[in-house]
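Summary of structural features
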Amino acid sequence: MLLWRRSVQTVSVVVTEGPIFQPPDATVSPRFTGPRTFARLPHTQELTDVDCAIFGMPWDGATTFRPGTRFGPEAVRSASGMVRTFNTAHRVQVLGAGDERRGALSCIDFGDAPTVPGYVEETLRRIESFVHPIVDASVIPVGIGGDHTVTLAELRALARRTG
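Report follows, based on the coordinates. (Residues numbered from 1 in each chain as written. Predicted model: local features only at pLDDT ≥ 70, side-chain atom pairs only at ≥ 80, totals over all residues. Heavy atoms only, no water.)

With that out of the way, let us pick up the packing of aromatic side chains. Following the criterion strictly, the structure yields two aromatic pairs and no others. Pairing F110 with F130 gives two aromatic rings, centres 5.2 Å apart and planes at 65°, and the pair type is edge-to-face. Here F110, found in strand β6 (residues 107-112), pairs with F130, found in helix α2 (residues 120-136); they are 20 residues apart in sequence, far enough to count as distant. Each member of the pair, F110 together with F130, is buried. Following the ring pairs from residue to residue traces out a cluster consisting of F55, F110 and F130. (Phe/Tyr/Trp six-rings, centres within 6.5 Å; stacked < 30°, edge-to-face > 60°. Helix = DSSP H or I, 4+ residues; strand = E, 2+ residues; numbered from the N terminus. Buried < 20%, exposed > 50% of the residue type's maximum accessible area, 1.4 Å probe, protein only.)

One non-glycine residue, R40, lies in the positive phi region at around 65°. For R40, a relative accessible area of 8% translates into the label buried. The phi dihedral of D49 falls on the positive side, at around 60°, and the residue is not glycine. The partly exposed category is assigned to D49, whose relative accessible area is 28%.

Quick look at α2 now. In this model α2 runs 24 Å from its N-terminal to its C-terminal C-alpha over 17 residues, within 8% of the 24 Å that 1.5 Å per residue would give. Residues of α2 that are buried: T123, L124, I127, E128, F130, V131, H132, I134 and V135. Structurally, α2 contributes buried residues whose contacts are with β3 (52-56), β6, β7 (140-144) and α3 (150-162). Within two residues after α2, S138 carries a phi angle of roughly 60°, on the positive side. (Expected span 1.5 Å × (residues − 1). Contact = heavy atoms within 4.5 Å.)

It is worth spelling out the nonpolar core at this point. Core analysis: the biggest nonpolar cluster contains 20 residues, and A53, F55, I108, F110 and I127 have the highest contact counts within it. Contributing elements (two or more residues each) for this core: β3, β6, α2 and α3. For this core, the element with the highest residue contribution is α2, accounting for six residues. Contacts of F55, omitting those with residues within four sequence positions, involve R77, F110, G111, F130, V131, I134, P141, V142, G143, I144 and E154. Grouped together as the second largest cluster of nonpolar side chains are seven residues, L41, L95, C107 and I144 included. (Core = buried A, V, L, I, M, F, W, Y, C linked by side-chain atoms within 4.5 Å.)

Here's what the structure looks like:
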């Protein structure tokens, strides 16, 4: 659980103890190497000690004019390879632990939700089922890619938990 405290100079985040999922050190492994995950985060479906799970929704079956949003998750992951874990303007460690555990945000790339080309209802059902374990573990789900229809499946999974 995240607890935010604001002051004029700093923003602190207090999280539970445990391992932290974070991108590898760019001085050891260059940013352009390794498998494509969001911001080079670890690809896992282990939700213990995770604050945020990023997942793809590669589907564009409800698009009528310009399909291609099914390639969105891959494009976002590729573009995020150069994301830095520390925001210098705000002096905030966004991803990972940095030099200390305090203020760390443990994030993972949960993979892509399964989809069925051409079948809207079945795709929404599968995406909703894919998001359930994330929501049930009290982890913040962040879906990327897909046409606007896929948001409904994500909202249904959240509504089941929160009402």
